[in-house]
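Given next are the chains, with one letter for each unit.
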Amino acid sequence: MSNNNLPVFNSNQVRILIVDDEPPIRKLVARALEPEGYEICFASDGEEAFSILLESFFDIVITDIVMPKMDGTELIKKIAEYLPADVIAMTGRIDEYSYDHIVGAGACDFVQKPFGPGEILLRVKRVLRERQLKEDLLKSHKELAQSQKFESLGQLSAGIAHEINTPIQYIADNVAFIKDSFQDLNEILSHLKSLSGSARNDSPGPSLPDQIRSMLNMDDLEYMAEEMPKAIDQTLEGIRNIRNIVKAMKDFAHPGKTEHVYTDLNQCIKNAAIISKNEWKYIADLVLDLDETLPEAFCNPGELNQVFLNLIINAGHAVSDQLKCDSSPKGKIKIKTQKLGNWIEIAVSDTGAGIPEDIKSKIFNPFFTTKEIGKGTGQGLAIARSVVVDRHKGEIEFETAQGKGTTFFIRLPLITRE
Ligand SMILES: Nc1ncnc2c1ncn2[C@@H]1O[C@H](COP(=O)(O)OP(=O)(O)OP(=O)(O)O)[C@@H](O)[C@H]1O
Ligand SMILES: [Mg+2]
């Protein structure tokens, strides 16, 4: 049914739908509420109300229970399942049964008939106050989550800075050593040059080979000959490391595309491992078991980068928790990729503390966390699920054993190029 006669609402006004098969009751309720400036609309049964609700947003629905077509309880259930409106039920008789029935179906309040205008207004105001409180809470939760996200990004960047600083430190030491050695060699060279110009075999004093031998401190030269190539190799290695970190950061933060593109997931995983290195390297060895023949996945790389990063950081935290009650010095994090039929599977395993039975069903809930403030906001797995399931039509599951570890499996559909 289409409702072309719906009023056009002012978006800032509170909107209330009054549902009752008896026109006098509808009028009574409307008269009580209109002076407050609320926008009012009417329906005479549950069916009509639900179709109006599907077409237009309402803050509150005030509904009778016993009505033709769809009754109030059915309407309340449907609203609770699909719509954001709060429901106040109007009912002739409230006993324990009908209370359970109405509130169990999802109404947030009820008023017993007959009621006066003041009473219904009070209920509406209370519901509106609660809505506002909920909205404020959600807003502050979001702000908090956002600020904690920045905080954790900040923590990660401190780790990345550390990862870059370490090679910079030994590059600096090595270059200083190479510089000193070069100066020494240069001095020797210039001595040799002057000797070859002035010395003759028949001149008095030590012979030319003796002069050269005494000038050269053989130990020093041997040391330089041995150490300089090492210092040069190490320096090049350090520069390579820094280049990899910077590239991983760049690819990670700006994968270049915001939509789905064919992507080398192995490379995404390597990048996530590099930029999170400081989070796990002291507590775990990270093993990459990546299928080098893995087909490219048709996905949004920026979103999946975020998922892999969160799974690695979670694994690191779980291992670190387990080490507190273990004698072993380090745990293990393993990431395996493989093609499984028409799926690409990424498995992230850890030898961490495992997920306790009583929180297994909650870990994907937004804001569910067992970590202290600053360490986790409880968004990682909620985002991971939404990215994998909603945005990529994939699956995310886990297997866990307490005290032994956890494996998260991500499966993405294999979409072959045309
Ligand atoms: N590998 C794991 N081992 C054990 N528990 C885990 C593991 N991964 C997640 N959990 C549990 O699930 C909870 C939710 O994880 P999620 O990644 O959503 O949030 P978080 O890590 O607490 O915070 P955030 O990811 O927002 O920084 C964690 O607090 C932890 O209790
Ligand atoms: Mg997390």
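Let us look at the structure shown here. (Residues numbered from 1 in each chain as written. Chains lettered and ligands numbered in written order. Predicted model: local features only at pLDDT ≥ 70, side-chain atom pairs only at ≥ 80, totals over all residues. Heavy atoms only, no water.)

1. Examining the overall build of the chain
On a plain count of helices and strands, the chain comes out with eleven helices and twelve strands. Here the chain holds 418 residues, and the buried ones make up 40% of them. Partitioning the contacts of the chain with sequence separation of at least 6, the portion at a separation of at least 24 is 70%. (Helix = DSSP H or I, 4+ residues; strand = E, 2+ residues; numbered from the N terminus. Buried < 20%, exposed > 50% of the residue type's maximum accessible area, 1.4 Å probe, protein only. Contact = heavy atoms within 4.5 Å.)

2. As for the sheet that holds strand 9 (residues 331–340)
Read from one edge of the open sheet, five strands run 7-9-10-12-11, paired in mixed fashion. Both outer strands of the open sheet, strand 7 (284–290) and strand 11 (395–401), are each paired with one neighbouring strand and no more. When the angles between neighbouring strand axes are averaged without regard to direction, this sheet yields 15°. Bridge count for strand 10 (residues 343–350) against strand 12 (residues 405–413) is eight bridges, and the pairing is antiparallel. Counterpart to I346 in the pairing with strand 12 is I410. (Pairing = 2+ DSSP bridges. Axes fitted to C-alpha atoms, helices over the stretch in contact; angles between N-to-C directions.)

3. Looking at the coordination of the magnesium ion (ligand 2)
Bound to the magnesium ion (ligand 2) on the protein side are N310 (OD1) and N314 (OD1), at distances that span 2.2 to 2.3 Å. Of this pair, N310 and N314 both sit in helix 10 (residues 301–323), four residues apart, which is roughly one turn of that helix. Under the relative-accessibility criterion, N310 is labelled buried at 16%. A relative accessible area of 19% places N314 in the buried class. (Donors = N, O, S within 2.8 Å, 3.2 Å for Na, K, Ca; no water.)

4. Details of the nonpolar core
Within the largest apolar cluster, 50 residues are counted, with the highest numbers of intra-cluster contacts made by L265, F308, I346 and I410. With ten residues, the top contributor of residues to this core is helix 10. Two domains each put at least three residues into this core: domain 2 (163–251) and domain 3 (255–413). Setting aside anything within four residues of it in sequence, one finds I346 in contact with L265, I269, F308, I335, K336, T337, F408, F409, I410 and L412. (Core = buried A, V, L, I, M, F, W, Y, C linked by side-chain atoms within 4.5 Å. Domains from an automatic or database assignment.)

5. Observations regarding the environment of C108
In this fold, C108 is placed in the loop between helix 4 (96–105) and strand 5 (109–112). As a C-alpha pair, C108 and A89 span 19 residues in sequence and 8.2 Å in three-dimensional space. Excluding residues within four positions of it along the chain, C108 makes contact with D86, V87, R126 and V127.

6. A closer look at the site of ligand 1
The full set close to ligand 1 counts 21 residues, and T369, T370, K371, T377 and L381 are the nearest of them. Between an oxygen atom of ligand 1 and a side-chain N or O atom of N314, the distance comes to 2.8 Å. Contact between ligand 1 and D350: a nitrogen atom at 2.9 Å from a side-chain N or O atom of the residue. If ligand 1 stood free it would expose 600 Å²; the protein chains cover 91% of that surface. (Near = heavy atom within 4 Å. Polar contact = N/O pair within 3.5 Å; in protein donor to acceptor, adjacent residues only side chain to side chain. Areas by Shrake-Rupley, 256 points an atom, 1.4 Å probe, with all protein chains shown as cover.)

7. A short note on a nonpolar patch on the surface
Among the surface-exposed residues, I232, L236 and I239 lie close enough to one another that they form a single nonpolar patch of about 250 Å² accessible area. Structurally, the position occupied by L236 is in helix 7 (residues 218–253). Under the relative-accessibility criterion, L236 is labelled partly exposed at 46%. (Patch = residues over 30% accessible without salt bridge, like charges linked within 9 Å, V, L, I, M, F, W, Y side chains within 5 Å. Salt bridge = Lys/Arg side-chain N within 4 Å of Asp/Glu carboxyl O.)

8. Overview of the packing of aromatic side chains
One pass over the full model with this rule turns up five aromatic pairs. When the ring of Y262 is compared with that of F298, the centres are 4.9 Å apart and the planes differ by 45°; the resulting orientation is tilted. Of this pair, Y262 sits in strand 6 (residues 261–263) while F298 sits in strand 8 (residues 297–299), and the two are 36 residues apart along the sequence. Their ring planes at 80° and their centres at 6.5 Å tell us that F364 and F408 sit as a pair that is edge-to-face. (Phe/Tyr/Trp six-rings, centres within 6.5 Å; stacked < 30°, edge-to-face > 60°.)

9. Observations concerning the pattern of salt bridges
As enumerated under the stated definition, the model contains 22 salt bridges in all. Ionic pairing is found between E227 and K230, a salt bridge with its closest N-O pair at 3.4 Å. Within this pair, E227 and its partner K230 are both found in helix 7, separated by three residues, close to a single helical turn. Taken together, the shared-partner salt bridges connect D109, E119, R123, R126 and E130 into one network.

10. Considerations on a negative patch on the surface
On the surface, D180, D184, E187, D219, D220, E222 and E226 cluster together into a patch of negative charge. Counting only elements with at least two residues in the negative patch, the list comes to helix 5 (117–198) and helix 7. Looking at where D184 falls in the secondary structure, it is placed in helix 5. (Lys, Arg positive; Asp, Glu negative; His and termini not counted. Charge placed at Lys NZ, Arg CZ, Asp CG, Glu CD.)

11. Examining the pairing of strand 12
Side-chain direction in a regular strand flips from residue to residue, so the side chains alternate between the two faces of the sheet. The buried fraction of strand 12 is high, at eight of nine residues. Direction of pairing for strand 11 relative to strand 12: antiparallel, over a ladder of seven bridges. Looking at the pairing, E399 lines up with T407 of strand 12. The turn joining strand 11 and strand 12, which pair antiparallel and follow one another in sequence, is formed by three residues; a positive phi near 80° is taken by G403.

12. Observations regarding the sheet that holds strand 3 (residues 60–64)
Sheet architecture is open: five strands sit in the order 2-1-3-4-5, paired in parallel fashion. Bordering the open sheet on either side are strand 2 (39–43) and strand 5, each of which pairs with just one other strand. When the angles between neighbouring strand axes are averaged without regard to direction, this sheet yields 20°. Bridging between strand 3 and strand 4 (residues 86–91) involves five bridges; their strand directions are parallel. For V61, the partnering residue across the bridge sits in strand 4 and is V87. Along the sheet, helix 3 (residues 72–82) makes contact with strand 1 (15–19), strand 3 and strand 4, crossing strand 3 at roughly 160°.

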